[in-house]
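Secondary and tertiary structure notes
Listed below are the residues making up each chain.
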Amino acid sequence: MKRLSFIVAGITLAMLTAQASAGKLDDIKARGTLIVGTKADYKPFGFRDPSGAIVGIEPDLAADLAKQLGVKLEFVPVVAANRMEFLKQGKIDLLIATMSDKPERRKVVEAVDPPYYSDSVNVLASNRAKITSWEDLKDKPVCATIGSFYNKSVAEKYGAKIVGLDGSDKPLVALKQGNCVGYLYDQTFIQGKLLDKQWSADYSMPLKGIMETPWIMAVAPGNDDLRDFVSKATTEWMKKGTIVDLEQKWGIKPTDYSKRMHDKYKNQS
């Protein structure tokens, strides 16, 4: 029995060691594939094209990282409710999925600095609801994505009745069905939706964005070499204006943050 216990303990230790090393640069290069968790329902940052492929700003950034490493790229679709768990479980090497930078999240995953993006919170509102101020949301049902950090704050400060749903597709369907007066989400996502005539005809973004918050990429705790590699790449993106170019490529107005970071880094050697 003791021998069996030692064998089991040895296997367990080996499994834990392998899991701890998952995602490190040497492992990624040996595997020949970088596995990235990204959104597949968040246009223009990560969404499916007519062929079903995941495309957008964040997939483009992931593709640049894979190219630098000389490996193939594999996407794993994630949503706000499971993205950090997928990283902790070793299902993905890197998370690039519109994740806002919050202290509690940095306790769970290894954040990549500097933050690659920053966005505000806003509402995609039905024109019929006649929403003109955040205070107009009081006692009204507002669809939101489960796991978004700002849901509780907006409910407490403005009295909105948050209707939490998975991902971004379900809240949008609920909004179209008239189950809520608006969809509380990231401003850049809403700008992307309003590029589509089927949304701009009956919906708008009448409010001023609030709670500007940086977005972070993340790796599993302990994956310092991968974190440092992505951090260096992020600085180069800012220096070259890569993210500003990608915003323009995918049809949204460059944010103050992306322009500010380009101005900060562009003259650095």
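Residues numbered from 1 in each chain as written. Predicted model: local features only at pLDDT ≥ 70, side-chain atom pairs only at ≥ 80, totals over all residues. Heavy atoms only, no water.

**Topic: the state of the cysteines**
- Under the counting rule described, the total for this entry stands at one disulfide.
- For cysteine 143, the disulfide goes to cysteine 180, at an S-S distance of 2.1 Å. On the S-S bond that ties cysteine 143 to cysteine 180, the torsion sits near -95 degrees, and the link is left-handed. In this pair, cysteine 143 is assigned in strand β9 (residues 141-145) and cysteine 180 in the loop between α7 (169-176) and β11 (182-186), connecting sequence segments 37 residues apart.
- Since its relative accessible area comes to 0%, cysteine 143 is described here as buried. (Disulfide = S-S within 2.5 Å. Helix = DSSP H or I, 4+ residues; strand = E, 2+ residues; numbered from the N terminus. Buried < 20%, exposed > 50% of the residue type's maximum accessible area, 1.4 Å probe, protein only.)

**Things to note about the pattern of salt bridges**
- Under the definition given, this model contains 11 salt bridges.
- With its nearest N and O atoms 2.7 Å apart, the salt bridge here joins arginine 31 to aspartate 93. Taken together, the positions of arginine 31 in helix α2 (residues 25-31) and aspartate 93 in the loop between α4 (83-88) and β6 (94-95) put the pair 62 residues apart, joining distant regions of the chain.
- For aspartate 93, a relative accessible area of 3% translates into the label buried.
- Aspartate 228 is the partner of arginine 227 in a salt bridge, and the nearest nitrogen-oxygen pair spans 3.0 Å.
- Residue arginine 227 is classed as partly exposed on the basis of its relative accessible area of 21%.
- Ionic contacts of the salt-bridge type, sharing partners, join the residues Glu110, Asp224, Arg227 and Asp228 into one network. (Salt bridge = Lys/Arg side-chain N within 4 Å of Asp/Glu carboxyl O.)

**A look at the packing of helix α10 (residues 224-240) against helix α12 (residues 256-265)**
- As a packed pair, α10 and α12 sit with axes 7 Å apart at the nearest point and diverge in direction by 95 degrees. By the angle class used here, α10 and α12 are roughly perpendicular. Contacts from Thr235, Met238, Lys239 and Lys240 in α10 reach Tyr257, Met261, His262 and Tyr265 in α12. (Axes fitted to C-alpha atoms, helices over the stretch in contact; angles between N-to-C directions. Parallel < 35°, antiparallel > 145°, perpendicular 65-115°, else oblique. Contact = heavy atoms within 4.5 Å.)

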